[in-house]
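Close look at the chain arrangement
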Amino acid sequence: MGPAVDLTDLDMWVRGVPYREFARLRRDAPVAWSEEQAPNSGFWSVLRYADIVAASRDVATFSSARGISFEEPTDEDMAARRTIIDTDPPDHTKLRKILSGSFTQRAVAVYEHFVTGLTEEVLDAGLPGGGVRSEPFDFVDAIAKEVPIRVLAKIMGLPTDDLPLFIDLGDRLIANTDPEVTDVVWGRDDTDAYRRFPFRSPYGKQLWDLGRDIVRDKLRSPGDDLLSTLLRAEVDGDRLSETDIDNFFSIMVIAGNETTRIAVAQGVLAFCEHPDQWERLRAEPSLVDTATEEVLRWTCPTHFMRRTATADTELGGAAIKAGDKVVLWYVSGNMDDAEFDHPEVFDIARSPNRHLSFGRGGPHLCLGAHLARLEVRVVLTALARRVARFELAGEPRRIRSNFTNGLRQLPVRVHT
Ligand code: HEM
């Protein structure tokens, strides 16, 4: 039995995440096959928590080397665009080693002071003042989008003048299926000319070009930032190639920006819908760590990662063939009642909370997880000090995508 809805129907995702269908599939068809239109060849959906973790762990059978999206790139496309996320061990292990030391919990704790100061500045500028019930404003534009890109700029050593351009290019890439965000829409337009660029988009090329300008300056005056670390790095005695640097640059800008923005914006939406949980956080600020994890579970900024089977295998009762595309739906696993008590309840004190929002069990576990946690925790803490209540002031507008749980707009009022 396959899904009763088309999980590649992006207009459906604009209306919301198909939680009900995922629940039915977890029960009746936990690893389900969907046909796709040519040139794609169909895919397996893995819906249960335990199966997702098992597939993530078994990298020999479930490979990342054909990419992590629904697209079917050729070998040449893949060679041009491959980032760390599209590699398997041992290549992956070598690339990961270059940056892993910069992203440990201890390493990112150094940024807490910076993130706190930055957040206060963003709230000073973005939160409407005056009066106990503010005018409506767009939380995504005023606040959520401002913090992650500035943190990334600091850590990577990017010039702040380019930040609006980074935000714009990153949006056009991650939302490459939304005609209201980009004019070159994957699945609608002929994107063949851009197949070698990130997200099969001309804006991927623009991001590379921007990265190259920055790299040129960085080579002249290196620092102790991540980009300088990448430029100094050696793998098997060789420096990274220009293509490797291009691709590292683009994955960092894309993975580190939009995802955290979604967690913050969708988190505030969750608190609009669960005002009791916001009151609870304000009354008990020490709950901020568990609240951060619950916001991450609930908002699941990246709905899935794709793998490709390297051999015939069995998962959750399904017979998977070598070469099959296998989609690990983290957004479904986060709602699996075999792992979580009452997963449908948004509970900021939930513990344990081994959510899948950063992946789990495999080597690709989000490199920026500690940084993202730090950002979400700092923003929640700062907001809880200033905002008594969030009130939805209009329809949130979702990005047209089955990959990201992004919001284009979140109209809210704040009560102070
Ligand atoms: C709430 C925010 C974030 C979420 C939900 C998120 C989610 C993810 C997920 C699901 C993966 C793939 C895991 C897998 O395949 O099993 C991933 C990988 C990755 N993330 Fe994040 N991420 C976030 C923030 C960040 C930040 C802030 C950075 C960097 C500054 C970052 C950098 C990366 C990188 C480089 C990878 C690839 C790691 C690898 O392949 O080894 N992410 N992230």
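Bear in mind the structure is a predicted one, so any value in this text is a computation, not a measurement.

1. Here we look at the site of the ligand
By nearness alone, 27 residues border the ligand, and His92, Arg96, Tyr330, His364 and Cys366 come closest of all. Side-chain polar atom of Tyr330 to an oxygen atom of the ligand: 2.9 Å apart, as the coordinates give it. His364 is positioned such that a nitrogen or oxygen atom in its side chain is 2.6 Å from an oxygen atom of the ligand. If you list the elements that add at least two residues to the shell around the ligand, you get helix H5 (91–100), helix H13 (242–255), helix H14 (258–273), strand S7 (304–309) and helix H18 (369–386). Looking at side-chain class alone, the shell around the ligand contains 16 nonpolar, nine polar and two charged residues.

2. A look at the coordination of the iron atom of the ligand
With respect to protein ligation, the iron atom of the ligand binds only Cys366 (SG), at 2.3 Å. Relative to the helices and strands, Cys366 is located in the loop between helix H17 (330–333) and H18.

3. Overview of the nonpolar core
Counting residues in each nonpolar core, the largest one holds 125 residues, and the members touching the most others are Phe139, Phe166, Leu281, Trp329 and Phe390. At 11 residues, H18 tops the list of elements feeding residues into this core. Not counting the four nearest positions on each side in its chain, Phe390 is found in contact with Phe139, Val268, Phe271, Cys272, Trp278, Leu383, Arg413 and Val414.

4. Points about the side chain of Asp51
Relative to the helices and strands, Asp51 resides in helix H3 (residues 49–57). Among buried charged residues, Asp51 stands out as having no salt bridge; its nearest opposite-charge side chain is Arg48, 5.1 Å away. Apart from the residues within four sequence positions on either side, Asp51 is in contact with Pro30, Val31, Val46, Leu315 and Gly316.

5. Comments concerning the pattern of salt bridges
Summed over all chains, the structure comprises 44 salt bridges. The structure contains a network of salt bridges with shared partners spanning Glu71, Asp77, Arg81, Asp192, Arg195, Arg196 and Arg200.

6. Some thoughts on the packing of helix H11 (residues 202–220) against H13
Here H11 crosses H13 at 110°, and the two axes come no closer than 9 Å. Considering their axes alone, H11 and H13 lie roughly perpendicular with respect to each other. Where H11 approaches H13, its residues Leu207, Trp208, Gly211, Arg212, Ile214 and Val215 are matched on the opposing element by Glu242, Ile245, Asp246, Asn247, Phe249, Ser250, Val253 and Ile254. Taken together, the residues that form the contact of H11 with H13 break down as eight nonpolar, three polar and three charged.

7. Quick word on the side chain of Arg172
Among the secondary structure elements, Arg172 is positioned in helix H10 (residues 163–174). Polar side-chain contacts of Arg172 include one of 3.3 Å to the side chain of Tyr203. When near neighbours in sequence (up to four residues on either side) are disregarded, Arg172 contacts Val181, Thr182, Asp183 and Tyr203.

8. Here's the deal with the pairing of strand S2 (residues 43–46)
Alternating positions in S2 separate into two faces, Phe43 and Ser45 on one and Trp44 and Val46 on the other, with burial throughout. Across four bridges, the pairing between strand S1 (residues 31–34) and S2 is antiparallel. Each bridged residue has a counterpart across the sheet, and for Val31 the counterpart in S2 is Val46. Two strands pair when backbone bridges link them, and S2 and strand S10 (residues 325–329) are joined in this way by three bridges, in the parallel orientation.

9. Here we look at the sheet that holds strand S3 (residues 62–63)
The strand order across the open sheet formed by five strands is S1-S2-S10-S7-S3, and the pairing between neighbours is mixed. The sheet is open, and its two borders are formed by S1 and S3, each paired with just one other strand. Packed onto the sheet, H3 meets S1, S2, S3 and S10 and runs at close to 125° relative to S10.

10. Details of the packing of H14 against helix H15 (residues 275–283)
Where H14 contacts H15, the two axes come as close as 5 Å, and the packing angle between them is 105°. The orientation of H14 relative to H15 falls into the category roughly perpendicular. Judged by residue contacts, Phe271, Cys272 and Glu273 of H14 engage Pro275, Gln277, Trp278 and Leu281 from H15. Residues belonging to the contact of H14 with H15 are distributed by class as follows: five nonpolar, one polar and one charged.

11. Examining the packing of aromatic side chains
A complete count under the given rule lists 17 aromatic pairs for this structure. Ring geometry for Phe70 versus Trp329: centroids 6.3 Å apart, planes at 50°, classification tilted. One end of the pair, Phe70, is in the loop between S3 and helix H4 (75–81); the other, Trp329, is in strand S10, and 259 residues separate them in sequence. The same class applies to Phe70 as to Trp329, namely buried. What links up through ring pairs into an aromatic cluster is the set Trp13, Phe22, Phe43, Phe70, Phe304, Trp329 and Phe403. Over the ring of Phe114 we find Lys154, and its NZ or CZ is 4.9 Å from the ring centre.

12. Some points on unusual backbone geometry
With an omega dihedral of 5°, the bond running from Pro89 to Pro90 counts as a cis peptide bond. Here Ser351 and Pro352 are connected by a cis peptide whose omega angle stands at 0°. Checked against the element boundaries, Pro352 lands in the loop between H17 and H18. Unusually for a residue other than glycine, Asp236 sits at a positive phi of about 50°. Residue position: Asp236 is located in the loop between strand S5 (234–235) and strand S6 (238–239). Backbone geometry at Cys300 places phi at a positive 30°, although glycine is not the residue there. Along the polypeptide, Cys300 turns up in the loop between helix H16 (288–299) and S7.

13. Comments concerning the pairing of strand S14 (residues 411–415)
When you tally the buried positions in S14, you get five out of five residues, the bulk of the element. Because side chains alternate across S14, one face comprises the buried residues Pro411, Arg413 and His415, and the other comprises Val412 and Val414, equally buried. Both strand S4 (residues 137–138) and S14 contribute to a ladder of two bridges, which runs antiparallel. Bridged to Asp138 within S14 is Pro411. Note that strand S11 (residues 389–392) and S14 share four bridges and pair antiparallel. Counterpart to Phe390 in the pairing with S14 is Val414.

Each value, and the rule that gives it
- The numbers attached to residues start from 1 for each chain and follow its sequence in the written order.
- It should be noted that, the model being predicted, local features are given only for residues of pLDDT at least 70 and side-chain atom pairs only at 80 or more, the latter also being counted only at that level, while totals for whole chains, interfaces and linings use all residues.
- To obtain the side-chain values, all non-hydrogen atoms of the structure were included, while hydrogens and water were left out.
- A molecule or strand has a residue near it when one of that residue's heavy atoms lies within 4 Å.
- Between N or O atoms, a polar contact is any pair within 3.5 Å; within protein, one atom must be a potential hydrogen donor and the other a potential acceptor, and residues adjacent in sequence are included only when both atoms are from side chains.
- Runs of H or I in DSSP of at least four residues are treated as helices and runs of E of at least two as strands, each being numbered from the N terminus.
- Nonpolar residues are Ala, Val, Leu, Ile, Met, Phe, Trp, Tyr, Cys and Pro. Charged residues are Asp, Glu, Lys and Arg, and all others, Gly as well, are polar.
- In this description, a donor is an N, O or S atom within 2.8 Å of the metal centre, a cutoff extended to 3.2 Å for sodium, potassium and calcium. Water is not part of the atom list, which can make sites seem incomplete.
- Here, the term nonpolar core denotes a set of buried Ala, Val, Leu, Ile, Met, Phe, Trp, Tyr and Cys residues that are joined through side-chain atoms within 4.5 Å.
- Buried means the residue's accessible area, taken with a 1.4 Å probe over protein chains only, is under 20% of the maximum for its type, while exposed means over 50%, and partly exposed covers the values in between.
- Here, residues are in contact when the closest pair of their heavy atoms is within 4.5 Å.
- Under this rule, positive means Lys or Arg and negative means Asp or Glu; His and the chain ends count for nothing.
- What makes a salt bridge here is a side-chain nitrogen of Lys or Arg within 4 Å of a carboxyl oxygen of Asp or Glu, nothing more.
- For helices, the fitted line uses only the C-alpha atoms of the stretch in contact; every axis is such a line through C-alpha atoms, and the angle between N-to-C directions lies from 0 to 180 degrees.
- Under this scheme an angle from 65 to 115 degrees is roughly perpendicular, one under 35 degrees roughly parallel, and one over 145 degrees roughly antiparallel; angles in between are oblique.
- Should DSSP find at least two bridges between two strands, the strands are regarded as paired.
- Under the pairing criterion, centres of Phe, Tyr and Trp rings, with the six-membered ring standing for Trp, must be within 6.5 Å; the plane angle then separates stacked pairs below 30 degrees from edge-to-face pairs above 60, leaving the rest tilted.
- Working rule: Lys NZ or Arg CZ, within 6 Å of ring centre, within 35 degrees of ring normal, means a charge sits over the ring.

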